[in-house]
Amino acid sequence: MNKIVHKNQFESYLKTFMNYLVAAIFLIAAISKVFHFKQFVTILQKFTFLSGSSLLLSAILVIDLELMITFMLLISRFRKKGILLAIFSLLGFTVFQVYLIWAGQHGSCGCFIGVYEKDLSISGISFNLVLLIICSLLLIMEVKHKRVTLVGNEGLIESEKS
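In what follows, the accompanying structure is described. (Residues numbered from 1 in each chain as written. Predicted model: local features only at pLDDT ≥ 70, side-chain atom pairs only at ≥ 80, totals over all residues. Heavy atoms only, no water.)

### Topic: the packing of aromatic side chains
1) Next: A complete count under the given rule lists one aromatic pair for this structure.
2) Next: Measuring from ring centre to ring centre gives 6.4 Å for Tyr99 and Trp102, while their planes differ by 40°; the resulting arrangement is tilted. Separated by three residues within a single helix, Tyr99 and Trp102 lie in helix 4 (residues 79-102), roughly one turn from each other.
3) Next: For Trp102, a relative accessible area of 72% translates into the label exposed.
4) Next: The ring of Phe40 carries Lys33 above its face, with NZ or CZ at 5.5 Å from the centroid. (Phe/Tyr/Trp six-rings, centres within 6.5 Å; stacked < 30°, edge-to-face > 60°. Helix = DSSP H or I, 4+ residues; strand = E, 2+ residues; numbered from the N terminus. Buried < 20%, exposed > 50% of the residue type's maximum accessible area, 1.4 Å probe, protein only. Lys NZ or Arg CZ within 6 Å of the ring centre and 35° of its normal.)

Dropping the structure here:
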């Protein structure tokens, strides 16, 4: 019994750490884009077919998406949806990076402008894949977190592990 408690505590701490790590990464990415907005728009313009107001709208939407993911990960009520949104966003960012590399584009990807200038490369794709693995593990832990338990004569109820 004592080993089970320690295992559950460790899993809970690991889940919390990974959750805050992913939230921090998305927050840093969003804030760096806000502080270097002009540079971010220039990078988007270089890599996309967008121009004018659609380019500005796309830049704002990317920042909003990253901030929304951050806050959803930090609020337990929205955590599962935040993890799913992070997974789909990372998949989209990764596919876009692969496409840009395949198309022969060079330069900064614009992920962490001013914080860490990351060029379009395999290391950027690897970083996204590691984040995808972490998010997938978080999703598994989050789904496992809610389960059906048998409580005395009251029958089956849904509860959360602490």
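There's more to say after this.
### Let's talk about the side chain of Gln97
1) Next: In this structure, Gln97 sits in helix 4.
2) Next: Discounting residues that sit within four places of it in the chain, Gln97 has contacts with Cys109, Cys111, Leu120, Gly124, Ile125 and Asn128. (Contact = heavy atoms within 4.5 Å.)

### Comments concerning the layout of surface pockets
1) Next: Estimated volume of the largest pocket: approximately 540 Å³.
2) Next: Per element, the largest residue contribution to the lining of the largest pocket is six residues, and it comes from helix 4.
3) Next: The residue makeup of the lining of the largest pocket, split by class, is 21 nonpolar, six polar and three charged. (1 Å grid on protein atoms, 1.4 Å probe; cavity = no way out; pocket = protein on both sides within 12 Å on 5 of 7 lines; lining within 4 Å. Points joined across faces, edges and corners; volume = space filled by probe spheres on them. Nonpolar A, V, L, I, M, F, W, Y, C, P; charged D, E, K, R; others polar.)

### Quick word on the nonpolar core
1) Next: Formed by 33 residues in total, the largest nonpolar core has its most connected members in Val22, Ile83 and Cys135.
2) Next: By residue number, the principal contributor to this core is helix 5 (residues 122-145), which donates seven residues.
3) Next: Leave out the neighbours within four places in its chain, and Ile83 touches Leu73, Cys135, Leu138, Leu139 and Glu142. (Core = buried A, V, L, I, M, F, W, Y, C linked by side-chain atoms within 4.5 Å.)

### Focus on the packing of helix 2 (residues 37-47) against helix 3 (residues 52-74)
1) Next: Helix 3 packs onto helix 2 with a crossing angle of 115° between their chain directions and a minimal axis gap of 10 Å. Between helix 2 and helix 3, the interaxial angle falls into the category roughly perpendicular. The way helix 2 lies across helix 3 gives a crossing that is right-handed. Contact residues: Phe37, Phe40, Val41, Leu44 and Gln45 in helix 2; Leu55, Leu56, Ser58, Ala59, Ile60, Val62 and Ile63 in helix 3. (Axes fitted to C-alpha atoms, helices over the stretch in contact; angles between N-to-C directions. Parallel < 35°, antiparallel > 145°, perpendicular 65-115°, else oblique. Left-handed = near helix turned anticlockwise from the far one by under 90°.)

### Topic: the pattern of salt bridges
1) Next: Taken as a whole, this structure holds two salt bridges when the rule is applied.
2) Next: One salt bridge connects Glu142 with Lys15, and the closest N-O pair in it is separated by 3.0 Å. Residue Glu142 is found in helix 5, and its partner Lys15 is found in helix 1 (residues 2-35); the two are separated by 127 residues along the sequence. In this pair, the class of Glu142 matches that of Lys15, namely buried.
3) Next: A salt bridge links Glu66 to Lys33; the shortest N-O distance between them is 3.0 Å. (Salt bridge = Lys/Arg side-chain N within 4 Å of Asp/Glu carboxyl O.)

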